[in-house]
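Report on the structure
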Amino acid sequence: DAGVIQSPRHEVTEMGQEVTLRCKPISGHNSLFWYRQTMMRGLELLIYFNNNVPIDDSGMPEDRFSAKMPNASFSTLKIQPSEPRDSAVYFCASSLGEAKNIQYFGAGTRLSVL
Amino acid sequence: AQSVTQLGSHVSVSEGALVLLRCNYSSSVPPYLFWYVQYPNQGLQLLLKYTTGATLVKGINGFEAEFKKSETSFHLTKPSAHMSDAAEYFCAVSDHTGFQKLVFGTGTRLLVSP
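Let me begin by describing the structure that accompanies this report. Numbers given to residues run from 1 along each chain, matching the order in which its sequence is written. Key to labels: chains lettered from A, ligands numbered from 1, both in the order written. Owing to the predicted nature of the model, reporting of local features is limited to residues with pLDDT of at least 70; listing and counting of side-chain atom pairs is limited to 80 or more, with chain, interface and lining totals taken over all residues. Side-chain figures throughout are based on the complete set of non-hydrogen atoms in the structure, without hydrogens or water.

1. Focus: unusual backbone geometry
Residues S7(A) and P8(A) are joined by a peptide bond in cis, for which omega reads -10°. Here a strand is any run of E in DSSP of at least two residues, a helix any run of H or I of at least four, and the numbering for each starts at the N terminus. Within the secondary structure layout, P8(A) lies in the loop between β1 (5-7) and β2 (10-13). Following Q80(A), the chain continues into P81(A) via a peptide bond in cis, with omega recorded as -10°. Looking at where P81(A) falls in the secondary structure, it is placed in the loop between β8 (74-79) and β9 (88-95). One non-glycine residue, N61(B), lies in positive phi territory at about 60°. With respect to the helices and strands, N61(B) occurs in the loop between β6 (56-58) and β7 (64-68). In this scheme, a residue with accessible area under 20% of its type's maximum is buried, one over 50% is exposed, and one in between is partly exposed, where area comes from a 1.4 Å probe on protein chains only. What makes N61(B) partly exposed here is its relative accessible area of 43%.

Below, the structure is given as structure tokens:
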């Protein structure tokens, strides 16, 4: 069982650059979540997909952030342009069936925007 | 809106001592309650959950938590701490409807000394 796979594990970029974070959920899971973790704000839900469709994106901070899920086995979170305040650990999580609050997390991507 | 409050950002115990991590919730409906654990450089993983039924819930690695409605609490305990328990612990709440959004507390870092 491979678990949720995120790439890259670490990303360092300069302000203004585009950043793309990737996630492969657990096979068969039909819900996918993107979270951001910072010291100041803790763990925040950014967006939730169900069956590849975005259901709730109220946590996406601004238009610079976008997320896609083109198929059941892949999702991306893009930041364009990136800013230093976007520096955080970004987690992807997936869940199965109706138990959407039983989530399996990836190891995260640590993003540093200089 | 649902929320959880974790008392103490850091808790230090000696190996073999009792572990007690505190969590209080706020919810207008009977909540679902969770404890997730995050080991260094890893994603969160589910430790235990309360949905309905028995108020004392047992989880992995010898942890348990008791749902006390009268105190709006869901404290996490372990009789005897082990060095491998050193991690960050998150209490979370969700409701029964919609996509059962998880709302996380700010986390408590458990330090275990020999």
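Read on for the rest.
2. Overview of the pattern of salt bridges
All names here are of chain A. Definition used for salt bridges: Asp or Glu carboxyl oxygen within 4 Å of a side-chain nitrogen of Lys or Arg. Applying the stated criterion across every chain yields a total of 12 salt bridges over all chains. Between R41 and E44 there is a salt bridge; the shortest N-O distance is 2.7 Å. Judged by relative accessible area, which is 16%, E44 ranks as buried. Several salt bridges converge on common partners, so that one network encompasses E62, R64, E83, R85 and D86.

3. Regarding the packing of aromatic side chains
Under the pairing criterion, centres of Phe, Tyr and Trp rings, with the six-membered ring standing for Trp, must be within 6.5 Å; the plane angle then separates stacked pairs below 30 degrees from edge-to-face pairs above 60, leaving the rest tilted. One pass over the structure, following the stated rule, counts 14 aromatic pairs over all chains. Measuring from ring centre to ring centre gives 5.7 Å for Y36(B) and F104(B), while their planes differ by 65°; the resulting arrangement is edge-to-face. Separated by 68 residues along the polypeptide, Y36(B) in strand β4 (residues 32-38) and F104(B) in strand β10 (residues 103-104) bring together distant segments of the chain. Judged by relative accessible area, which is 0%, Y36(B) ranks as buried. These aromatic residues form a ring-pair network of at least three members: F33(A), Y35(A), Y48(A), F91(A), F105(A), F34(B), Y36(B), F90(B) and F104(B).

4. A few points about the sheet that holds β6(B)
Residues and elements named next belong to chain B. In short, DSSP must find at least two bridges between two strands for them to pair. The five strands lie next to each other as β1-β3-β8-β7-β6, forming an open sheet whose pairing is antiparallel. Lying at the two open borders of the sheet, with one neighbouring strand each, are β1 (3-7) and β6. Here the strands of the sheet are splayed against their neighbours by 20° on average, with no regard to which way each runs. Relative to β7, β6 runs antiparallel, the two being bridged by three bridges. For K58, the partnering residue across the bridge sits in β7 and is E64. Interaxial angle, 0 to 180 degrees, is taken between N-to-C directions of lines fitted to C-alpha atoms, where a helix line uses only the stretch in contact.

5. A short note on the interface of chain B and chain A
A contact between two residues is defined here by any heavy atoms of the two lying within 4.5 Å. With 18 residues of chain B at the contact, the number on the chain A side is 18 residues. Here the buried area means the combined drop in accessible surface, using a 1.4 Å probe, for two parts upon being joined, counting both sides. Carbon and sulfur atoms supply 59% of the area that chain B and chain A bury against each other, a total of about 1500 Å² over both sides. When the buried surface of chain B facing chain A is broken down by residue, L44(B), F99(B) and Q100(B) rank first, second and third, together holding 38% of it. The interface formed by chain B and chain A contains zero salt bridges. Contacts described as polar in this section are N or O atom pairs within 3.5 Å, which, within protein, must combine one atom able to donate a hydrogen with one able to accept it, while residues neighboring in sequence count only if both atoms come from side chains. Our count for the chain B to chain A interface comes out at nine residue pairs in polar contact (both at pLDDT 80 or more).

6. Things to note about the layout of surface pockets
Each pocket or cavity is described by its volume, and for the largest pocket that value is around 640 Å³. Around the largest pocket, the lining is made up of 30 residues, and of these Q37(A), M39(A), Q38(B), E88(B) and R109(B) lie nearest the centre. Top contributing element to the lining of the largest pocket by residue count: strand β11 (residues 109-113) of chain A, with four residues. In terms of residue class, the lining of the largest pocket is built from 10 nonpolar, 15 polar and five charged. Size it by volume and the second largest pocket reaches roughly 190 Å³. A cavity here means a set of 1 Å grid points, computed over protein atoms only, where a 1.4 Å probe fits but cannot escape. A pocket is an open set with protein on both sides within 12 Å along at least 5 of 7 lines, and lining residues have an atom within 4 Å of a point. Lining the second largest pocket are 14 residues, and of these Y104(A), F105(A), G43(B), L44(B) and Q45(B) sit closest to its centre. The element that contributes the greatest number of residues to the lining of the second largest pocket is strand β5 (residues 44-50) of chain B, accounting for three residues. By residue class, the composition of the lining of the second largest pocket is eight nonpolar, five polar and one charged. Grid points are joined across faces, edges and corners, and a volume is the space filled by probe spheres set on the points. The classification used treats Ala, Val, Leu, Ile, Met, Phe, Trp, Tyr, Cys and Pro as nonpolar, Asp, Glu, Lys and Arg as charged, and all other residues, Gly among them, as polar.

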